[in-house]
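Residues per chain, in single letters:
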Amino acid sequence: MKQIAGWALETARLRGATLAEARIVDERHRALATKNGRIGNASDAESMGIGIRVIADGAFGFAATDNLSRAGVEACAAHAVEIAKASATVKAQELRMAPEPAHQAEWSSPCKIDPFSIPIEQNLELLFAIDQELRKNKGVTLAEANMNFRRYEQWFYSTEGSEIHQTTVTSGAGYAAHSFEGTEIQKRSYPNSFGGQYQNRGYELIQELKLLEHAARVAEEAVALHSADQCPEGVSDIVLDSSQLSLQIHESIGHPIELDRVLGMEANFAGTSFLTLDKLRTLKYGSEIVNAVADATEGHGPGLGTFAYDDEGVAAQRTPIITNGLFTGYLSSRDTASAIGAGRSGGCLRAESWNRLPIVRMTNVSILPGPDPLTREQLIASTERGIYMETNRSWSIDDKRYNFQFGCEIGWEIVGGKRGRMLKNPSYSGITTEFWNSMDAICSRDEWTLWGTPNCGKGQPQQVMGTGHGSAPARFSRIKVGSAYKGNT
Amino acid sequence: MLTRDNASMIFDSLRRHTSADEVELLVAGSRSALTRFANNTIHQNMEEESQHISIRVSFGGRTARATTNKYDEASLRRVVQSAEALARVQEEDPDLLPMPSAQQVAQNAADSGATAVDRYFEQTAAITAQERAAAVGHMVEVARHHALTCAGIFSSAQIVEGIFNSQGVADWYEQTQAEVSITMIGETSSGWQKVNSPDVAQLDPARMAEIAAEKTIASQHPIELTPGKYTVILEPSAVLDAVGFMFWDFGGSALLEQRSFLNDRVGTQLFGANINVWDDVYHPLQAGVPFDGEGMKRHRVKLIENGVVQAVTYARSSAQRMRQSEIAGKVGPIKATGHGFSLPNEIGEAPLNIVFAGPSRAETQCVEQMIASTERGILVTRLWYIREVDPYEKLLTGMTRDGTFLIEDGQIRGGVRNFRFNESLIHMLQNVESMGEPVRAGGEESMDMVVPAMKVRDFNFTETTKF
């Protein structure tokens, strides 16, 4: 690989690049799924190629090819320099890069059991067993189960001297029971909606999820929702389960702290951010008990945002994002860090694969658990009146990340510290900082889960990236609930 | 780029490596480029050339797929082995059909409404990074002229897709694509435009920049209005991003699996009588591959006529399963319409080339006429972050973005802070008061469509945001 990268770097240098980086990626993906007793998916995919990013005439250029011959790579590198020179013709400010030392490293994500070594029939057997268990409940009209594995190997070389070889194995699985009755389609998922739980781990994750053990309950709840009362509209205290809170973190903390958004670079598509530079270390983002970090280091756990080096060779870091409620940090890259005068990148530049330009991405953006022991049941028991909501069903937020609305699959009324009647179609909405300032309790470490969001879309052309979000159940006071159905019931 | 002849040779090689009963090869390749700008600067600029081959093998009722972009003999052998390993261990699926033969494809195509399409334009394929940068430069000049900043993209691509199977099916498609999207940004407001076409000559970046700038200037210092039900005028991009959420339900598999909002509703007056929709890949303003994941020619399908859902789309297998189902008599015509995704897949099929029919010439209203006839309402340039809240009522939530205006007494009064909506698509398409001429529109939440601007009464805004 070093030889292939060398062709790219040398060609770029000779053509006038002042910085060149080559990322060679070899990835493999397996997708298995069942649907109402049939195979929904059974496919393997592999892809290999090189992406070359250069700076020439003070501007970026990027070209990618799957032709790894010497001629193919050299042509690609030359083209990247041409593109950079074209970029330089429309330039309002100079491109500068925050310094980063050269690194030589080998790293692999923790993986006890290689998921590709597990017999396919064993995986299908588990998926069909789940499918069967879900459909034992006659009210279930559609059962879906899936399992996905990915091995992503990357070699990164730069003209600054970095040589980094990283291998990441990702596993994920989940299922959903749908129930159509009368004029309603209801759904319950496990362990999370939209594909389940994902981490940078091996097959041991699948074993730990205890998928089959929860299937009967999930089916029962999907059907029971038809006879549940509608979530009322009004203002209420709410308790969110950790999976729903992880998406809340993703949308209302993770995206607005992306420095490329803050600087306007995503204005045409993903949007900008309310977290303008004057807000750093001045904005009271949340209540005193809100503490959030962006942490790509192994010590944070095997999240989808865990790595040793990002895709421009910056070492993984832990950045305090919210400290006792105060906004304290952004997600950054070498160019965006330099643009705000920061001394070093936060190490958040990531690409979907070899054929995509790396852009600022979430790593593991997590809320820290409360310091004192508090279980979910104790949290509910300490709530006089409220609504407990579980598992995301819909999510939407404006392009500056102020106004959001989330729908959940299921809710329960809380009265006198007890979980009462089931509520269907629960939703809540609000303004980001008002919401986080209303957080008055969060569960402790033993309730904290590092969730994976495998499908975060950003960039043009759009890139899908996995991000991690650690969270624990938490309570929020006086939140607007039920507005999703306002005017529609 | 892969040629048809090269792909055919790869297929012959793959066939030598497999012992499967049947084998199918899908080929996809592209040479694509995208110049991205923000803050009046090109900040990202990329080109990519790639192709991959995807093989499906079938043993009786068992099938699986493997994909690679490595073409040496060892890799081809390995990709075949991967697909075979995934297929062999499966239980037999009695509903899995043999791959179609060339004769079956031809017979099915007879009443498809297929016409020849030519969507490859050399001038699009030949565009360079320097030419894209020059066009961006013109857009930046417009921004500077109005003391604004701009962000957006100029992209271009050549695309090839091919299919070959061991029953003699062989088809190939080439297309070019160009797209410009621009957001103009002022101190308190923004404006947006997006256009795409296979022919780059159809794009006018500087004119788009001017329109986006006009919207930005006209919507500065937005006022906050009370949420509630308003008459709205949705520009074509706003219409497409909303209605796109319902067409995934127009498939036989969605009905069989009871996940469609059309469950028990095909043949009923679901929408207003002025709603007429086709799926038509052959329409002059449409683009895309005219065959499906098994090589079946796409049919023109009348989905909605005078507000009544007439038909849904089918793959071969979903058509067969529907014919045998209890609901066969309640779902309109059942036939393989050439809308299946490549097998195996979890979705089944969907219409991907939506064309709304416009009203008669006399009834067609342009956006300016709609505004002039509106006593009080909201003009919406674009919708954003749309998600489904309720799958059966097709209740959607989302935001307005980049150009939202108050209309009073037939005139635009100025910008308003962006709204959150929670609106049922069924309700929305029952309340369309007038429509414009359908145009090819692009958005961010849905596939491109041919849609008109729409004036809709009682559109449900539930909240506002802070800008």
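Note that the structure is predicted; figures quoted are calculated from it, not measured.

Q: Describe the overall build of chain B, naming the residues involved and giving the relevant values.
A: Helix and strand content of chain B: eleven helices and 19 strands. By its C-alpha atoms, chain B is 70 × 55 × 40 Å across when sized along the principal axes. Counting only residues that meet the buried cut, chain B has 57% of its 467 residues in that class. Summarising the internal contacts of chain B: among those between residues at least 6 apart in sequence, 74% fall at separations of at least 24.

Q: I'd like to hear about the sheet that holds strand β16 (residues 365-367) of chain A, residue by residue, with values.
A: Either a parallel or an antiparallel arrangement is found when strands of a sheet pair, and the pairing is made through backbone hydrogen bonds. Residue and element names in this part refer to chain A. Read from one edge of the open sheet, four strands run β13-β12-β11-β16, paired in antiparallel fashion. Since the sheet does not close on itself, it has two edges, and those belong to β13 (326-327) and β16, each with one partner. Where helix α6 (residues 242-254) meets the sheet, its contacts fall on β11 (292-295), β12 (318-323) and β16, and the angle it forms with β16 comes to roughly 115°.

Q: Go over the nonpolar core with me, naming the residues and quoting the values.
A: The biggest cluster of nonpolar side chains holds 262 residues, and the ones touching the most others in it are A:Ala8, A:Ile52, A:Val54, A:Ala80, A:Ala84 and B:Cys150. Each residue touching A:Ala8, except ones within four places of it in the same chain, is listed here: A:Ala20, A:Ala22, A:Ile50, A:Ile52, A:Val73, A:Cys76 and A:Ala77.

Q: Before we move on, can you summarise the interface of chain B and chain A with the specific residues and values?
A: On the chain A side, the residues contacting the 78 residues of chain B number 71 residues. Top contributing element to the side of chain B that touches chain A by residue count: strand β2 (residues 41-59) of chain B, with eleven residues. Grouping the amino acids of the side of chain B that touches chain A by side-chain chemistry returns 29 nonpolar, 29 polar and 20 charged. With four bridges connecting them, strand β3 (residues 59-65) of chain A and β2(B) associate as parallel partners. For A:Phe62, the partnering residue across the bridge sits in β2(B) and is B:Met46.

Q: Before we move on, could you go through the confidence of the model for chain B and cite the residues and values that matter?
A: Summary statistics for chain B give a mean pLDDT of 97 and a share of 100% for residues scoring 70 or more. Taken together, the chains of this predicted complex give a pTM of 0.97 and an interface ipTM of 0.96.

Q: Give a description of the pairing of strand β14 (residues 411-415) of chain B that names residues and reports values.
A: All names here are of chain B. Two strands pair when backbone bridges link them, and strand β13 (residues 395-408) and β14 are joined in this way by four bridges, in the antiparallel orientation. Across the sheet, glutamate 408 pairs through a bridge with glutamine 411, a residue of β14. Remark: two residues form the turn of the hairpin made by β13 and β14, two consecutive strands paired antiparallel; aspartate 409 in that turn has positive phi of roughly 50°.

Q: So what's going on with unusual backbone geometry? Which residues, and what values?
A: For residues other than glycine, phi is negative in most cases, and the peptide bonds are mostly trans. Residue A:Pro461 follows A:Gln460 across a cis peptide bond; omega there is -5°. Along the chain, A:Pro461 turns up in the loop between β22 (449-458) and β23 (463-471). Here the amide bond leading from B:Leu343 into B:Pro344 is cis, since omega sits at -10°, within 30 degrees of zero. Relative to the helices and strands, B:Pro344 is located in the loop between α9 (316-323) and β11 (354-356). Within the chain, A:Asn425 stands out as a residue other than glycine whose phi angle is a positive 55°. The topology assignment puts A:Asn425 in the loop between β19 (418-424) and β20 (427-431). The backbone of B:Asn306 shows a phi angle near 50°, a positive value even though the residue is not glycine. Inspection of the secondary structure assignment puts B:Asn306 in the loop between β9 (301-305) and β10 (308-309). Of the residues examined, B:Asn306 has 12 C-beta atoms within 10 Å and is grouped as exposed.

Q: If you had to explain helix α5 (residues 215-224) of chain A to someone new, which residues and values would you point to?
A: Every buried residue of α5(A) is accounted for by A:Ala215, A:Val218, A:Ala219, A:Glu221 and A:Ala222. Down the axis, α5(A) shows its buried residues gathered within 165° of arc, on one side only.

Q: Explain the domain arrangement of chain B to me, using residue names and the numbers behind them.
A: The domain boundaries assigned to chain B delineate domain 1 (1-130 + 154-181) and domain 2 (229-244 + 359-464). Put simply, the middle of domain 1 of chain B and the middle of domain 2 of chain B, counted by C-alpha atoms, are 37 Å apart.

Q: Could you give an account of the domain arrangement of chain A, naming the residues involved and the relevant values?
A: Residues and elements named next belong to chain A. The domain architecture assigned to chain A consists of domain 1 (2-227) and domain 2 (229-485). Each of domain 1 and domain 2 has a C-alpha centre, and the two are 21 Å apart. Taken together, the contact between domain 1 and domain 2 spans 46 residues of the former and 40 residues of the latter. In the side of domain 1 that touches domain 2, the residues fall into 17 nonpolar, 19 polar and ten charged.

What counts and what doesn't
- Along every chain, residues carry numbers that run from 1 in the direction the sequence is written.
- Written order decides the labels, with chains lettered from A and ligands numbered from 1.
- Predicted model: local features are reported for residues with pLDDT of at least 70 only, side-chain atom pairs are reported and counted for 80 or more only, and whole-chain, interface and lining totals are derived from all residues.
- Helix and strand assignments come from DSSP, with helices taken as H or I runs of at least 4 residues and strands as E runs of at least 2, each series counted from the N terminus.
- Put plainly, a residue is buried at 20 or more neighbouring C-beta atoms within 10 Å of its own, exposed at 12 or fewer, and partly exposed in between, counting only other residues' C-beta atoms, which are placed from the backbone.
- Once C-beta atoms have been placed from the backbone, residue pairs whose C-beta atoms lie within 7 Å are recorded as contacts.
- Strands qualify as paired when DSSP identifies two bridges or more between them.
- For helices, the fitted axis covers only the stretch in contact; all axes are lines through C-alpha atoms, and the angles between them, taken along N-to-C directions, range from 0 to 180 degrees.
- By our criterion, buried Ala, Val, Leu, Ile, Met, Phe, Trp, Tyr and Cys residues that link up through C-beta atoms within 7 Å make up a nonpolar core.
- Put simply, Ala, Val, Leu, Ile, Met, Phe, Trp, Tyr, Cys and Pro go in the nonpolar bin, Asp, Glu, Lys and Arg in the charged bin, and everything else, Gly too, in the polar bin.
- Within a predicted model, pLDDT stands for the predictor's per-residue confidence, ranging from 0 to 100.
- What the arc measures is the spread of directions leading from the helix axis to the C-beta atoms.
- These domain boundaries are the output of an automatic or database domain assignment.

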